[in-house]
Amino acid sequence: MLRRMFLSLFSFVFCCSCLFARTATADIGVAMEGVVDAVLAVSASQIGGVKLSLQGVGIYNNDPDDGSLMAGFTRSDLSGYSASLVFNSQDEQSWYQSLLGISSSSISPLREKVVKSLEKVRFLPGDVVVDGTVLFSVLGEGYHQNELGKVYSFSVDVSLVVSGDRLSSMVLVEGRIYINVVENGTVVFMFEGITVNGERMDFPVFEL
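On average, residues of the chain score 77 in pLDDT, and 70% of them reach the 70 mark or higher. Model confidence for the chain, summarised as mean pLDDT per element, is weakest for helix 2 (residues 17-22) at 44 and strongest for strand 7 (residues 199-200) at 94. For residues 3-21, every residue scores under 50 in pLDDT, and the model assigns this stretch 32 contacts once sequence neighbours within four places are set aside. Taken as a whole, residues 99-107 scores under 50 in pLDDT and shows 21 contacts with residues more than four places along the chain or in a different chain.

Attention now goes to the side chain of S163. Within the element layout of this structure, S163 appears in strand 4 (residues 149-163). A distance of 3.3 Å separates polar atoms of two side chains, one belonging to S163 and the other to R75. Beyond its immediate chain neighbours, meaning those up to four positions away, S163 contacts R75, D127, V128, V129 and M170.

Going through the model one piece at a time under the given rule, you end up with four salt bridges. Of the charged contacts in the structure, one is a salt bridge between R200 and D202, with a shortest N-O distance of 3.4 Å. D202 sits in the partly exposed class, given a relative accessible area of 42%.

This brings us to the environment of Q46. Checked against the element boundaries, Q46 lands in helix 3 (residues 25-46). For Q46, a relative accessible area of 4% corresponds to the buried category. The sequence separation of Q46 and R111 amounts to 65 residues, and the corresponding C-alpha distance is 9.5 Å.

Attention now goes to the pairing of strand 6 (residues 187-196). In terms of burial, strand 6 is largely enclosed, as seven of its 10 residues are buried. Counted along the chain from strand 5 (residues 171-182) to the antiparallel partner strand 6, the turn is four residues long, and its residue G185 has a positive phi close to 100°. Sheet topology places strand 6 next to strand 8 (residues 206-207); two bridges connect them, and they run antiparallel. Bridge pairing in strand 8 links V188 to E207. The pairing of strand 6 with strand 7 spans two bridges and is antiparallel. Residue T195 lies in a different strand from strand 7, and its bridge partner there is R200. Counted between consecutive antiparallel strands, the loop separating strand 6 from strand 7 contains two residues, among which N197 sits at a positive phi close to 50°.

The next thing to look at is the packing of aromatic side chains. Enumeration according to the criterion identifies five aromatic pairs in this entry. Ring geometry for F189 against F191: centres 6.3 Å apart, planes inclined by 20°, an arrangement best described as stacked. According to the relative accessible area criterion, F189 is buried, its value standing at 0%. Residues F189 and F206 carry aromatic rings whose centres are separated by 5.1 Å and whose planes lie at 0° to one another, so their mutual orientation is stacked. With F189 in strand 6 and F206 in strand 8, the pair connects residues that are 17 residues apart, well separated along the chain. Of the residues examined, F206 reaches a relative accessible area of 8% and is grouped as buried. Taken together, the ring pairs in this structure connect F189, F191, F203 and F206 into an aromatic cluster.

Thresholds, definitions, all that
Every chain begins its residue count from 1, and numbering advances along the sequence as written. At least 70 in pLDDT is required for a residue's local features to be given in this predicted model, at least 80 for side-chain atom pairs to be given and counted, and no such filter applies to totals for whole chains, interfaces and linings, which use all residues. By convention in this description, side-chain values take in all heavy atoms of the structure and omit both hydrogens and water. pLDDT expresses how confident the predictor is about each individual residue, on a scale running from 0 to 100. The secondary structure listing takes helices from DSSP runs of H or I that are at least 4 residues long and strands from runs of E that are at least 2 residues long, numbered from the N terminus. Whether two residues are in contact is decided by their heavy atoms: any pair within 4.5 Å suffices. Whenever two N or O atoms come within 3.5 Å, that pair is a polar contact, provided that in protein one can donate a hydrogen and the other can accept it, and provided that, for residues adjacent in sequence, both atoms are side-chain atoms. Definition used for salt bridges: Asp or Glu carboxyl oxygen within 4 Å of a side-chain nitrogen of Lys or Arg. Relative accessibility under 20% of the residue-type maximum defines a buried residue, over 50% an exposed one, and the middle range a partly exposed one, all with a 1.4 Å probe and only protein chains included. The pairing criterion is simple: DSSP has to find at least two bridges between the two strands. We call Phe, Tyr and Trp rings a pair once their centres come within 6.5 Å, taking the six-membered ring for Trp, and we label the pair stacked below 30 degrees between planes, edge-to-face above 60, and tilted otherwise.

In structure tokens, the structure reads:
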């Protein structure tokens with residue numbers, strides 16, 4: 001899954017062996033998978049008709065007027081995300097829907113795709129735990145049209161510490177992720193200025 005994808009990218013993107021002496025390659029892969037899954041889960045919990053609660057995740061700013069949303073993670077265990085996304089907790093419009101006035105039916109495939117992705121990984125309790133913050137910001141008018149339908153665009157500024165039984169030590173991941181969500185559920189990730197334990201790393205665009 002995502003971890004194998006991130007690990008396979010390293011030989012293509014990096015050639016400096018001293019970098020891996022500071023942070024184990026396996027830890028980098030797990031940490032990046034944790035960051036992506038955490039961002040995806042929060043996105044799916046807020047985009048999809050109703051707001052959903054995730055264990056250890058708090059929404060501190062939910063403001064459609066400026067197109068931003070701040071989420072904080074406190075010992076948030078990824079193993080519980082899949083089950084949380086299956087059940088509705090509040091019958092109200094999401095942050096993104098309030099901003100753009102879009103229907104739940106047009107974006108529900110995202111939640112389905114995220115749940116399937118998380119279930120394939122099958123994290124056990126304590127495997128991957130996330131602390132820190134992410135700031136979601138809508139780009140431009142929020143969406144544009146292409147041959148596949150509407151594409152909803154936003155950026156995510158991440159500052160997350162990933163730990164747990166799957167890692168030999170804690171890993172700090174910071175930087176920006178650009179996300180395009182297509183109506184059919186396709187999610188495109190682009191990374192900018194990502195640092196892992198203070199070391200700059202580049203990742204190519206990938207699609208989920």
